[in-house]
Amino acid sequence: MTAPPAPPADPIRLHKQLDAVWRTPAGLGQLAAVNHSVIGRRFIVTALVFFAVGGILAMLIRAQLATPRSAFLGPDIYNQIFTMHGTVMMFLFAIPLFEGLAMYLLPKMLGARDMAFPRLSAYGYWCYLFGGSILLLALFFGVAPDGGWFMYTPLSSRTYTPGINADVWLIGVTFVEISALSAAVEIIVTVLKLRAPGMSLDKMPLFAWYMLVTAFMMLVGFPPLILGSVLLEVERAFNLPFFDPARGGDPLLWQHLFWLFGHPEVYIIFLPAAGVVSTVLPVLARREIIGYLWIVVSIVALAFLSFGLWVHHMFTVGIPHLALAFFSAASTAVAVPTAVQIFAWIGTLLAGRPQLKLPMLFLLGFFFVFVAGGLTGVMLAVVPFNWQVHDTHFVVAHLHYVLVGGFIFPMLAAAYYWLPHFTGRSPRHSLGTGAFWLIFIGFNLTFLVMHWTGLMGMPRRVYTYSPDTGWEWLNLISSIGGFLMAMGFALFAVDLFLQWRFGRRAERNPWSAGTLEWATPMPPPAYNFASLPPVTARAPLADARDLGTELARGRGYLGFVRHGWLETLGVEITSGRVEQVVRLPRPTYLPLISALLTGVFFVSVLFKLYALAVLGFVAAVGSLLLWSVTSGDRRDRGPLPIGCGEVAPPHSEAPDAPSRWAMVLVLVADATAFASLAFGLLFLWVVAPNWPPPQLIEPGLTKSALVIVALAIAAWSGGRALAPGFLEAPSRRDLQMIIAAAAQTTALGGLIAILMIVPDPTRHAYTAATFAILIYAAMHAGLGVIFALFGLWRSRNGYVSAVRSLDLRIAVLWHKATLGIGVASLLLIHSLPWAMGQ
Amino acid sequence: MRLPAFRFTGPAVAAVGLTLAGCTGPLSTLDTAGPAAASIATLWWVMLAGAMALFALVVALLLAAFVKPGSGAGTRPLLWLAGGGLVLPAFVLTPLLFYALWSGERLLAHPLSGAIRIEAEARQWQWTFTYPDAAGGPRSTVNVLHVPAGSPVDLRITSADVIHSFWVPRLAGKIDAIPGHTNMLRVVAERPGFYRGVCAEFCGTGHTGMEVLVEAHPPDEYAARLVRLAEPVH
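Small disclaimer: the values here were computed from a predicted structure and weren't measured. (Residues numbered from 1 in each chain as written. Chains lettered and ligands numbered in written order. Predicted model: local features only at pLDDT ≥ 70, side-chain atom pairs only at ≥ 80, totals over all residues.)

**Some remarks on the overall build of chain B**
For step 1, the next point in the chain: Within chain B one finds 4 helices and 10 strands.
For step 2, the next point in the chain: Each helix (α) and strand (β) of chain B, taken in turn from the N terminus, gives the series α-α-α-β-β-β-β-β-β-β-β-β-β-α.
For step 3, the next point in the chain: Relative to the compact-globule value of 17 Å for 234 residues, chain B shows a C-alpha radius of gyration of 24 Å, a clear excess of over 25%.
For step 4, the next point in the chain: Overall, the C-alpha framework of chain B stretches about 80 × 35 × 35 Å when taken along its three principal axes.
For step 5, the next point in the chain: Each of the 234 residues in chain B was classed as buried or not, and the buried ones make up 38%.
For step 6, the next point in the chain: Sequence-distant contacts in chain B: of pairs separated by 6 or more residues, those separated by 24 or more amount to 68%. (Helix = DSSP H or I, 4+ residues; strand = E, 2+ residues; numbered from the N terminus. Rg over C-alpha atoms; globule rule 2.2 N^0.38 Å. Buried ≥ 20, exposed ≤ 12 C-beta atoms within 10 Å, placed from the backbone. Contact = placed C-beta atoms within 7 Å.)

**Some thoughts on the interface of chain A and chain B**
For step 1, the next point in the chain: Between chain A and chain B, the contact holds 73 residues from the first and 74 residues from the second.
For step 2, the next point in the chain: At the level of elements, α3 (75–110), α7 (251–284), α9 (321–333), α10 (335–351), α11 (358–381), α12 (383–389) and α14 (432–455) of chain A are the ones that each hand at least two residues to the side of chain A that touches chain B.
For step 3, the next point in the chain: Of the residues forming the side of chain A that touches chain B, the biggest block, 11 residues, is contributed by α10(A).

**Here's the deal with the packing of α7(A) against α11(A)**
Residue and element names in this part refer to chain A.
For step 1, the next point in the chain: Running from N to C, α7 and α11 point in directions that differ by 125 degrees, and their axes come no closer than 10 Å. By the angle between their axes, α7 is oblique relative to α11. Crossing angle aside, the handedness with which α7 passes α11 is left-handed. Within the contact between the two elements, α7 uses V277, V280, L281 and L284 and α11 uses P359, M360, L363 and F366.
For step 2, the next point in the chain: Within the contact of α7 with α11, the residues separate by chemical class into 8 nonpolar, no polar and no charged. (Axes fitted to C-alpha atoms, helices over the stretch in contact; angles between N-to-C directions. Parallel < 35°, antiparallel > 145°, perpendicular 65-115°, else oblique. Left-handed = near helix turned anticlockwise from the far one by under 90°. Nonpolar A, V, L, I, M, F, W, Y, C, P; charged D, E, K, R; others polar.)

**Some remarks on the sheet that holds strand β10 (residues 211–217) of chain B**
Residues and elements named next belong to chain B.
For step 1, the next point in the chain: Strand order across the open sheet formed by 5 strands is β4-β10-β9-β6-β7, with mixed pairing between neighbours. Each of the sheet's edge strands pairs with one partner strand only, and the pair in question is β4 (144–148) and β7 (175–177). Sheet twist, expressed as the mean angle between neighbouring strand axes with direction ignored, is 30 degrees.
For step 2, the next point in the chain: Relative to β7, strand β6 (residues 164–167) runs antiparallel, the two sharing 3 bridges. (Pairing = 2+ DSSP bridges.)

**Focus on the sheet that holds strand β8 (residues 183–187) of chain B**
Residue and element names in this part refer to chain B.
For step 1, the next point in the chain: Across the sheet, 5 strands lie side by side as β3-β2-β1-β5-β8; this open sheet has mixed pairing. Edge positions in the open sheet fall to β3 (139–142) and β8, since each of these has one partner strand only. Between one strand axis and the next, the sheet turns through 25 degrees on average, direction left out of account.
For step 2, the next point in the chain: Alignment of strand β5 (residues 153–159) against β8, held across 5 bridges, turns out to be antiparallel.

**Focus: the domain arrangement of chain B**
All names here are of chain B.
For step 1, the next point in the chain: Its domain assignment divides chain B into domain 1 (10–107) and domain 2 (116–227).
For step 2, the next point in the chain: At the junction of the two partners, domain 1 supplies 12 residues and domain 2 supplies 13 residues.
For step 3, the next point in the chain: Considered class by class, the residues forming the side of domain 1 that touches domain 2 number 7 nonpolar, 4 polar and 1 charged. (Domains from an automatic or database assignment.)

**Remarks on the nonpolar core**
For step 1, the next point in the chain: Counting 362 residues, the largest nonpolar core has L106(A) and A413(A) as the members making the most contacts within it.
For step 2, the next point in the chain: Looking at which element gives the most residues to this core, the answer is α3(A), with 22 residues.
For step 3, the next point in the chain: Each of domain 1 (10–107) and domain 2 (116–227) of chain B accounts for three or more of the residues forming this core. (Core = buried A, V, L, I, M, F, W, Y, C linked by C-beta atoms within 7 Å.)

**A word on the packing of helix α4 (residues 118–140) of chain A against helix α18 (residues 590–606) of chain A**
Residues and elements named next belong to chain A.
For step 1, the next point in the chain: Across the interface, α4 lies against α18 with an axial gap of 8 Å and an inter-helix angle of 35 degrees. Seen from above, α4 lies across α18 with right-handed handedness. In this structure, α4 uses R119, A122, Y123, W126, C127 and F130 to contact α18, whose residues at the interface are L590, P591, L592, S594, A595, T598 and G599.
For step 2, the next point in the chain: Here the contact of α4 with α18 is built from residues that sort into 9 nonpolar, 3 polar and 1 charged.

**Examining the confidence of the model for chain B**
Interpreting fine coordinate detail is not advised for predicted regions of low pLDDT.
All names here are of chain B.
For step 1, the next point in the chain: On average, residues of chain B score 90 in pLDDT, and 91% of them are at 70 or above.
For step 2, the next point in the chain: Across chain B, β6 holds the top mean pLDDT of 98, while helix α1 (residues 10–21) sits lowest at 51.
For step 3, the next point in the chain: Throughout residues 1–8 the model reports pLDDT below 50, and contacts reaching past four residues in sequence, or to other chains, amount to 8 contacts.
For step 4, the next point in the chain: Interface predicted TM-score (ipTM) for the complex: 0.93; the corresponding pTM is 0.95. (pLDDT = per-residue confidence, 0-100.)

**Comments concerning the pairing of strand β2 (residues 126–131) of chain B**
Residue and element names in this part refer to chain B.
For step 1, the next point in the chain: Burial along β2 is one-sided: the face carrying W127, F129 and Y131 is buried and the face carrying Q126, T128 and T130 is not.
For step 2, the next point in the chain: Note that strand β1 (residues 116–123) and β2 share 5 bridges and pair antiparallel. Looking across to β2, one finds that A122 is bridged to W127.
For step 3, the next point in the chain: As consecutive antiparallel partners, β1 and β2 are separated by 2 residues.
For step 4, the next point in the chain: Pairing analysis gives 4 bridges linking β2 to β3, with the strands arranged antiparallel. Counterpart to T130 in the pairing with β3 is S140.

**What to know about unusual backbone geometry**
For step 1, the next point in the chain: Cis geometry is adopted by the peptide bond preceding P692(A), which originates at W691(A) and carries an omega value of -5 degrees.
For step 2, the next point in the chain: Positionally, P692(A) belongs in the loop between α20 (658–687) and α21 (701–720).
For step 3, the next point in the chain: Omega for the bond connecting Q124(B) with W125(B) falls within 30 degrees of zero, at -10 degrees, which places this linkage in the cis form.
For step 4, the next point in the chain: Mapped onto the fold, W125(B) is located in the loop between β1 and β2.
For step 5, the next point in the chain: Of note in this structure, C644(A) is not a glycine but carries a positive phi near 55 degrees.
For step 6, the next point in the chain: Relative to the assigned elements, C644(A) resides in the loop between β5 (640–643) and β6 (646–648).

This is the structure we're talking about:
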């Protein structure tokens, strides 16, 4: 073991050394950026641009509805506008905005130097930018989606939307969702593994708890939507009738899949904002938040409950009343964990000495608007009342109260609270108070009145109305309020620009906050902390006000540069004990290249160039594999000194490396998607009309047994390569990987053989869903071949040793998951004909 | 920076103003003309009163935090967390849920002898109603639904193409018309007259214009009126 490189005595020299390895290159090199501060800012700025687009669309809607029988917009354009308003605000503004905020803040709050997978951040950003651009271009060319942001079938099916509009939605949104899933994986692993030494779970800032729970919700919330979108696109492109009731499909399946995602989505958007409230409010109330543990428990409870109430969007589809009562109870029960948080905040304010500074003003706006939205939410969960106001402007008013109250107001507070951190500047004079009042008054004028418009019977998504309905004044007031609000946002934008450009230099930690992000210089350098702090309390800065200077002098952990590596620490999940040195990648163009190739795939599917799509897919997977060339180590290093007299192994030699967790999380999302697909088949069997199908599928036991045995061999031999006696002996472990690859190839062949006997999948949803399940399993076997061969390649090129087995352990996880999915698929396919025959 | 004190009188003024503006309107859920709509309107007024009380409580607590800073410094956190977070919602929500379940149950189309059956089929962008039990053979109308005043009518609702939703706000809540499914809605119009309805589920470019009119006839004239209608076209 060597001594740690001596930290330079001078903080400036330390900064220069660290900056040289961490900073993003200038010029074209910006395209190679992987640093979380850079990517986080890009997410935020791009999201704000999309917010402006969504806002302009909203203004067009309000202009159209301001007067009855308006000739401003016709239904064709109007339908595109409201569909895009919802889609942009949900998928291209709200989610990317908090992803950006989380990427920027989390490592700094947790005392780390970057996110766990910086290249994945960059890849996610490009996917978001490209996917969002597809949607914007479609709007520009007048072929934007026009079926409503929830894209109900059969209206969105080929028969009733023959153009490209619906495909744009399905493909653009799915492309963007790659970034949501990658962000989910990355946020979870970062929060669990990349914290400062000593930061145990119960010392974690609440914002990290909120983001952890949110990311888990994204991980299981998005797969049903992605799966539903894929099925609908396959129905539109290849006529597989998943949602066509004439052929055993069911439009309600889409609604279930959509809202299975769509309701958690609301909490996915709310929780990060609530995390902002829980962070900013105690600082400005000059008191520690009350009920830390209560809040943690209530956000976990909220996450679980939110997956049990999607049906409250479907109270009018004819589901039995008792089932509705269950979902109604679950929907009102969500009020409990929300109320716990509201009263924790109120109690903190009452116990503290709150300052009415600008962020606090926006937090008060949040309380006012969000609580009102929560109360109408309880009303909507009441089944009979829902029968009246569902799909009216009452719901439009409610959802804006919840989303603007529960997201925009906290995010505006966040903007003013963290702006000095982003820019290093403080306001001289702020236009923020004026912006607040314009937004607040404009918002309430628009949407408070709109509740009444809904009760007066105005349905959603009508492009005009006649003057005898009694809705004219209400709509005119809403429109005036809407334009006031727009002026408020314009003033906010101007204010941000002025502060960024002309603000005075901010002092460090201007709010006297306790969380670690305020220990970085402002604006922060690419590496955040010149050395990493040991953490012993929830508010590390509260007891040590000069912690920032101490860290800049290199007095913490890793206060040096070793071999030009980008290093941060990985900890044991619960205790926060140091476990490994995580080496992070340098700036690289690979994420951009991979995203471009992914884009080739999506755009080819959009334009039905399927040969090119296959090429794009293969190239994208190939480019993702290339990422690994610069990861991993070809030498055993042993424990490395990390400063403060301690040592830790590099992550390539640690048993619990971040990438292993990433694989586990990917498999969780994968299992959710598979479960949604299996649910789809069973749902159609039980609920859809025109069942049983004209023809049952008998795959034959021999082929299925062959597939299962082959998958079991792959999982077994993959694991055997890691066993003592194999791992140290390159030829023996390589042989196991060859066996695994051969077994996966056999399984793939078996699954294709079963696929061949499935009768025409366009005839009935049963054959279509069976076909889809088999394809799903076959894709896993195909990727299993790649994983086995990849392990072999890594092994033969020196990346694997007795202590460096990460690549092989990740491959085993995949083989096991493939075995699970293979067994479940074949069980389902064999048992369903038997059950229908009974 | 010190900002002017808040005045949270805005919503109260707005609420009064709105109430004065009236609840009447050809499509108003609060200007009821049938028992289902009436029962839901009562539910709304009860919930509105409760919601305003809770809202006032939250606003008052927030005001207190700024008007008398530190006034809650002596309060045990558990009071807020358990009292406000658990006890308060439990006391409000449990009775609300039971009340809602009970009133929802009464509105359902449980089998009822004597209820008049009418088939409703939606398509882009019109409603076709079929009266299978009309004297002298089935009759059919487009976009106008004839019902007898004062009697329960059970609509069997489906769709021939995309999803639509049948909604006549002054009479009852809405229910979706979904291809491949048949949903039931019980409607009672208390008095003879015309009641307007709209399609509530977005169904394409003609969604806005997809209106429906319910014509409630005096009970003794209903049978004769049906006979004069056209026979169904197949």
